[in-house]
Amino acid sequence: MVTIPTTYPELSKLNYNNSIITIGSFDGLHLGHKKIFDKMKVLSSKKNIFHNKILITFNPHPTSILNKNQKEKYYLSESINQKLEILDRFCIDIVVIVEFTQELSLVSASDFFNQIIKSFNPTDVVMGHDNGFGHKRQGNVAFLKEKYDNEKFTLHTVKAKKDKNQINISSTTIRQSIKIGEIEKANIMLGRYYSIMGKVIKGQGIGRTIKFPTINISPSNEKQIIPFSGVYFVRLEIESIKYTGMCNIGFRPTITNNKEETIEIHIFRVKTNKDFYGKEVKIFFIEFIRKEKKFKNIDFLAKQLEKDKKYCLSIKV
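Residues numbered from 1 in each chain as written. Predicted model: local features only at pLDDT ≥ 70, side-chain atom pairs only at ≥ 80, totals over all residues. Heavy atoms only, no water.

Within the span of helix α8 (residues 183-190), buried status applies to Ile 183, Ala 186, Asn 187, Met 189 and Leu 190. Down the axis, α8 shows its buried residues gathered within 165° of arc, on one side only. Those residues of α8 that are buried lie in contact with α1 (31-45), α7 (171-179), β7 (194-201), β9 (230-238) and β12 (280-290). Where α8 terminates, the next one or two residues include Gly 191, which has phi positive at roughly 80°. (Buried < 20%, exposed > 50% of the residue type's maximum accessible area, 1.4 Å probe, protein only. Helix = DSSP H or I, 4+ residues; strand = E, 2+ residues; numbered from the N terminus. Arc of directions from axis to C-beta. Contact = heavy atoms within 4.5 Å.)

Next up on the list: a positive patch on the surface. On the surface, Lys 35, Lys 159, Lys 161 and Lys 162 cluster together into a positively charged patch. Relative to the helices and strands, Lys 159 resides in the loop between β6 (154-158) and α7. Given the relative accessible area of 66%, Lys 159 is considered exposed. (Patch = residues over 30% accessible without salt bridge, like charges linked within 9 Å, V, L, I, M, F, W, Y side chains within 5 Å. Areas by Shrake-Rupley, 256 points an atom, 1.4 Å probe, with all protein chains shown as cover. Salt bridge = Lys/Arg side-chain N within 4 Å of Asp/Glu carboxyl O. Lys, Arg positive; Asp, Glu negative; His and termini not counted. Charge placed at Lys NZ, Arg CZ, Asp CG, Glu CD.)

The next point concerns the packing of aromatic side chains. What the rule picks out here adds up to 18 aromatic pairs. When the ring of Tyr 16 is compared with that of Phe 120, the centres are 6.0 Å apart and the planes differ by 20°; the resulting orientation is stacked. In this pair, Tyr 16 is assigned in the loop between β1 (2-6) and β2 (19-23) and Phe 120 in helix α5 (residues 109-120), connecting sequence segments 104 residues apart. The exposure class assigned to Tyr 16 is partly exposed, which follows from its relative accessible area of 21%. (Phe/Tyr/Trp six-rings, centres within 6.5 Å; stacked < 30°, edge-to-face > 60°.)

By size, the foremost hydrophobic cluster in this structure holds 30 residues, and its most contacted members are Tyr 194, Ile 215, Ile 265 and Phe 285. Mapped onto this core, the elements with two or more residues apiece are α7, α8, β7, β8 (215-219), β9, β10 (241-250), β11 (262-267) and β12. Apart from the residues within four sequence positions on either side, Ile 215 is in contact with Val 200, Leu 236, Ile 238, Ile 263, Glu 264, Ile 265, Ile 267 and Phe 276. (Core = buried A, V, L, I, M, F, W, Y, C linked by side-chain atoms within 4.5 Å.)

Take the environment of Ser 105 next. Here Ser 105 lies in helix α4 (residues 102-105). A relative accessible area of 7% places Ser 105 in the buried class. In sequence terms Ser 105 and Leu 66 are 39 residues apart; their C-alpha atoms lie 7.8 Å from each other. Those residues within four positions of Ser 105 in sequence are excluded, and the remaining contacts are Leu 66, Phe 100 and His 135. Polar contacts involving the side chain of Ser 105 include one to the main-chain carbonyl oxygen of Gln 102, which spans 2.5 Å. (Polar contact = N/O pair within 3.5 Å; in protein donor to acceptor, adjacent residues only side chain to side chain.)

Two pairing modes exist for strands in a sheet, parallel and antiparallel, and in both the strands are linked by backbone hydrogen bonds. Read from one edge of the open sheet, six strands run β1-β4-β3-β2-β5-β6, paired in parallel fashion. Looking at the sheet topology across the chains shown, the edges are occupied by β1 and β6. When the angles between neighbouring strand axes are averaged without regard to direction, this sheet yields 20°. In terms of strand pairing, β2 meets strand β5 (residues 122-128) through three bridges, oriented parallel. Counted as the bridge partner of Ile 20 is Asp 124 from β5. On top of the sheet, α5 reaches β2, β3 (52-59), β4 (94-99) and β5; it is set at about 150° to β2, its chief contact. (Pairing = 2+ DSSP bridges. Axes fitted to C-alpha atoms, helices over the stretch in contact; angles between N-to-C directions.)

Of note, Val 158 is situated in strand β6. For the pair formed by Val 158 and Arg 175, sequence separation is 17 residues and the distance between their alpha carbons is 21 Å. If sequence neighbours within four positions are ignored, Val 158 has contacts with Lys 35, Ile 36, Lys 39, Val 126, Met 127, Gly 128 and His 129.

Let us now look at unusual backbone geometry. A cis geometry characterises the amide bond from Asn 59 onward to Pro 60, with omega recorded as 0°. Relative to the helices and strands, Pro 60 resides in the loop between β3 and α2 (62-66). Notably, Lys 136 is not glycine yet its phi reads approximately 60°, a positive angle. Mapped onto the elements, Lys 136 comes out in the loop between β5 and α6 (141-147). One non-glycine residue, Ser 240, adopts positive backbone phi at about 70°. Inspection of the secondary structure puts Ser 240 in the loop between β9 and β10.

Moving on, we get to α5. Helix length check: α5 (twelve residues) gives 16 Å between terminal C-alpha atoms against 16 Å at 1.5 Å per residue, within 8%. Packing partners of the buried residues in α5 comprise β2, β3, β4, α4, β5 and α6. A positive phi of about 40° marks Asn 121, the residue just after α5. (Expected span 1.5 Å × (residues − 1).)

Under the counting rule described, the total for this entry stands at ten salt bridges. Between Asp 124 and Lys 47 there is a salt bridge, and its shortest N-O distance comes to 2.7 Å. Here Lys 47 lies in the loop between α1 and β3 and Asp 124 lies in strand β5, a separation of 77 residues in the sequence. Relative accessible area serves as the criterion here: at 26%, Lys 47 is assigned to the partly exposed category. Linking Lys 282 and Glu 78 is a salt bridge whose minimum nitrogen-to-oxygen distance equals 3.7 Å. Separated by 204 residues along the polypeptide, Lys 282 in strand β12 and Glu 78 in the loop between α2 and α3 (80-87) bring together distant segments of the chain. The exposure classification of Lys 282 matches that of Glu 78, with both residues buried.

Everything listed here is a matter of geometry and, on its own, says nothing about what the molecule does.
Put into structure tokens, the structure is as follows:
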């Protein structure tokens, strides 16, 4: 897969022919997005000559520019690197990453797409039913049908993929699920375990006093959604080594009643003196165990943690 970082003005320097393209932010890269990529793959396989499958996306996510003052955590993707790593699994040939700026947000859908046609000369354009680009996201399926009806490319509209309950799989639905603790539901829609990146920082060491030492995590992307407060069974990767453990997200009401949310992980089957401070860690959320709770005292908390650990160790992954 070839990656091309560029800007809107520099798109004019690109010159491709026989392209199959799609355009979007693709936050989270879930199964709904996969349906679009699968359609591109099928189209490509039917061509007599080679066609590049080209995905045009934006970095940073447009919302970070259009809603700069938004305090709520919003994103599903850890970083553009994670997005590229996942895209590499979907047989995309070229990913064009257009820098999203305030100036680009004002470019009309017509001007933007006219440049796309000049740069990529598509034979096929594949769009999700709710995809949008250009000023105020006016470049949707209806816009393309109306404005480019006589162009040489064929427009393919991909309907929403639905879950087993016939709910549309979308980034919005996944965000909502993660925020209310339905991590298993979110994982199904993503087609993988939801994950965040972070760095191990110094904690207070209280867990060690009750035989549940933890590592404290500072998230790398402060705008990525952190799962609902509670206890989770998780998998971790630290320096390419895989671990399992249980993660508590919340305010530790039994111990300190913090005003700021913390992320702590008790790692299973690891040497108690192993030093993880300063290390980068990737956390995969596998199952929601229970909500955070204030216990009568620290002894009651320790007993509950024993139960949580026993349950987590029974889970097969």
